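Observations on the model geometry
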Number of protein chains: 2
Amino acid sequence: MKQQGGAPTMKDVAREAGVALGTVSKVFNELPVGEEYRRRVERAAQKLGYQVNSYARGLKARRTFTVALILPSITGPFFSSLAQELCQVLSAKRYRVLLSLTASDPEAEQRCIQMVQQNKVDGIIGLTYTPDLTVDPQLPYVSIDRYFSPSVPCVASDNFGGGQLAAEKLLALGCKRPLFLRIGSGIPGEPDKRGDGFASACRQHGVEFAELRLRDEDGYEPFRRFLANHLHEGRLEYDGIFCVNDELACKVRAMLAELGLRVPGDVQIIGFDGIRRFATGEYCCSTVVQPVGRLAETCVDLLLREDRSNLPSLVCLPVSYAVGGTTRE
Amino acid sequence: MKQQGGAPTMKDVAREAGVALGTVSKVFNELPVGEEYRRRVERAAQKLGYQVNSYARGLKARRTFTVALILPSITGPFFSSLAQELCQVLSAKRYRVLLSLTASDPEAEQRCIQMVQQNKVDGIIGLTYTPDLTVDPQLPYVSIDRYFSPSVPCVASDNFGGGQLAAEKLLALGCKRPLFLRIGSGIPGEPDKRGDGFASACRQHGVEFAELRLRDEDGYEPFRRFLANHLHEGRLEYDGIFCVNDELACKVRAMLAELGLRVPGDVQIIGFDGIRRFATGEYCCSTVVQPVGRLAETCVDLLLREDRSNLPSLVCLPVSYAVGGTTRE
């Protein structure tokens, strides 16, 4: 690790470039200036190792080149890959990322919003659970997975389509008695449509299906009881299970193993999210894959769009199916 | 989502509090002022919903209450839980987190450092791979897992002790021919000591051991060949394997299964990191657990310590052993 000497000033840059101080200031503040002057100033700044004080620059240009990212957490594999993609997309556009984690707590979410507004960020990308967040209407905001109002763009995977896809896959793989299992927040959100899409496709194919929908506070135990109660002479009533996410799919697979059932031999399971082992390895179960990279790009595009007169209120991106050992194919 | 009306100004706060404008300014800039005045200003600011412009405040107080976090990525389960803990610790101290991901690329790492210095952060916590980063010596910097110089504190798990622990565990579980497998960066770092500790403990117990140390660019294939080459009549020469991290441990387990070997029946495996399924579930293998919460707390404590005259150059935190299905216990 090297250490730097005394920092050069804007005056040093002006001297080195052979231009007036005002010209240097214009270049650093991204104000109009002749192309040749801009090049000379940039060359001089680079040569001297001059660092633009973008703090002061933010005050002048009324832009901070900083975006706030508000997520419940980044330990889960879906949130961490989403955060990773958002950081990469923003960084490629030379934006900084201010990261706030809220543990889905409404107070923490509102505190974050206040805090980043104080810090004059250029916009917020949030995956939040508070139904009535107070946000400065002047500040660009893009919501992930949660619809607030027509004026706040919401970006999500095509959750409904993903639920349909899971049902059609299970039926095509020979399942006769499909089951949908759900656990999640009590606050309505786009992922709720996964079950709706599944139900819709089953109905369309004239296939009877069952479901058990729980909230996070219920825990996983009711699933275990439900499965045990529907086991008759070593056979489960259901032969195809769509789980609302991959984490539940993996837990259900373990529960079925405890009941002596083989996956995918006796029961086939499809999850949702597209989680891979250690982020880059195999899929941890057969799954409906969320297009994380495209979600991130869409959020950033909407957030930084110059013309804000015609923003969409909901953008859904296409999902895909991936085999991960819990279905026959 | 609610929308706000016109923002109140410092003048409005002064009027509401019945104090001079200068008093309001002092309170917001954390300069000395009578306690009763401070209370009146804070009450008025809260009542009006006044938001301190901490951008301008940062310029005056020379503090930004922002810490830059530089990591290679946050998709891997270890990095994502480390980032999560660091965010939580910093947020509890009312610091904001500026997150930069570098993909271990030296140029990206140096660019990040320049960028956050421009942004006047109060300090940097970095897990980087560039041996000769240029960092402003005035800016507090804490390095994770990589030792730079006596003046830059480095925080890491007790990697050497963890390697010893793994060896002693395998020997206590009856292993006679231990093996160490490593894959990682070519840049020296604290995690290299895992193998050193393992070797040291084996030697101390008078037990012969083998090892295969690879770099990331080698890929996993050489491990597969090595294991196949040391398989004789359906038995592996080695009965206990210490892998440098949990990801490798899980991959080695799958390779052994392909060779028809049972884990932990024929071969026992211990990894390193303490990765849990979906962040909060079971350990994905028997493992040496890194104390991620304590690592984060220690980094933040060192970074924000007021008296910087006597900082340690290396702080190692204790690891622990956890059973995760790849050892007999």
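1. Some thoughts on the overall build of chain A
Within chain A one finds 11 helices and 14 strands. Here chain A has a C-alpha radius of gyration of 26 Å; the compact-globule value for 329 residues is 20 Å, and the former is much larger. Overall, chain A is about 90 × 40 × 30 Å in size when its C-alpha atoms are taken along their principal axes. Relative to its 329 residues, chain A shows a buried fraction of 53%. Across chain A, every contact between residues at least 6 apart in sequence was considered, and the portion connecting residues at least 24 apart equals 67%. Here chain A displays about 14,800 Å² of accessible surface, and carbon together with sulfur accounts for 48% of that area. Put simply, chain A has 40 plus and 39 minus side-chain charges, and the middle of one group is 8 Å from the middle of the other.

2. Overview of the sheet that holds strand E12 (residues 287–289) of chain B
Backbone-to-backbone hydrogen bonds join strands into a sheet, with any given pair of strands oriented parallel or antiparallel. Residue and element names in this part refer to chain B. With mixed pairing, the six strands of this open sheet are ordered in space as E7-E6-E10-E11-E12-E14. Two strands bound the open sheet, and with one partner strand each, they are strand E7 (210–215) and strand E14 (320–322). Ignoring strand direction, the axes of neighbouring strands in this sheet form an average angle of 20 degrees. As paired strands, E12 and E14 are joined by three bridges and run antiparallel to one another. The partner of Val 288 across the bridge, within E14, is Tyr 321. Seen against the sheet, helix H10 (residues 246–258) touches strand E6 (178–184), strand E10 (240–243), strand E11 (268–273) and E12 and runs at an angle of roughly 155 degrees to E11.

3. As for unusual backbone geometry
Residue and element names in this part refer to chain A. Cis geometry marks the peptide bond from Val 263 to Pro 264, where omega comes out at 5 degrees. Non-glycine residue Asp 145 carries a positive phi angle of around 70 degrees. With respect to the helices and strands, Asp 145 occurs in the loop between strand E4 (141–144) and strand E5 (154–157). In this structure, Ala 279 is a non-glycine residue whose phi angle is positive, near 70 degrees.

4. Let's talk about the packing of aromatic side chains
Taken as a whole and assessed by the stated rule, the structure comprises 20 aromatic pairs over all chains. With centroids separated by 6.2 Å and ring planes inclined at 45 degrees, the aromatic side chains of Tyr 220 of chain A and Phe 223 of chain A adopt a geometry described as tilted. Using a relative accessible area of 26% as the deciding quantity, one classes Tyr 220 of chain A as partly exposed. Between the aromatic rings of Tyr 141 of chain B and Phe 148 of chain B, the centroid separation amounts to 6.4 Å while the plane-to-plane angle is 85 degrees, which identifies the pairing as edge-to-face. Judged by relative accessible area, which is 13%, Phe 148 of chain B ranks as buried. Site record: aromatic cluster; members linked through ring pairs are Phe 180, Phe 198, Phe 209, Phe 242 and Phe 272 of chain A. The positively charged end of Arg 194 of chain A is found above the aromatic ring belonging to Phe 272 of chain A, 3.9 Å away from the centroid.

Cut-offs applied
- Residues numbered from 1 in each chain as written.
- Chains lettered and ligands numbered in written order.
- Predicted model: local features only at pLDDT ≥ 70, side-chain atom pairs only at ≥ 80, totals over all residues.
- Heavy atoms only, no water.
- Helix = DSSP H or I, 4+ residues; strand = E, 2+ residues; numbered from the N terminus.
- Rg over C-alpha atoms; globule rule 2.2 N^0.38 Å.
- Buried < 20%, exposed > 50% of the residue type's maximum accessible area, 1.4 Å probe, protein only.
- Contact = heavy atoms within 4.5 Å.
- Areas by Shrake-Rupley, 256 points an atom, 1.4 Å probe, with all protein chains shown as cover.
- Lys, Arg positive; Asp, Glu negative; His and termini not counted.
- Charge placed at Lys NZ, Arg CZ, Asp CG, Glu CD.
- Pairing = 2+ DSSP bridges.
- Axes fitted to C-alpha atoms, helices over the stretch in contact; angles between N-to-C directions.
- Phe/Tyr/Trp six-rings, centres within 6.5 Å; stacked < 30°, edge-to-face > 60°.
- Lys NZ or Arg CZ within 6 Å of the ring centre and 35° of its normal.

That is the geometry; function is a separate question.
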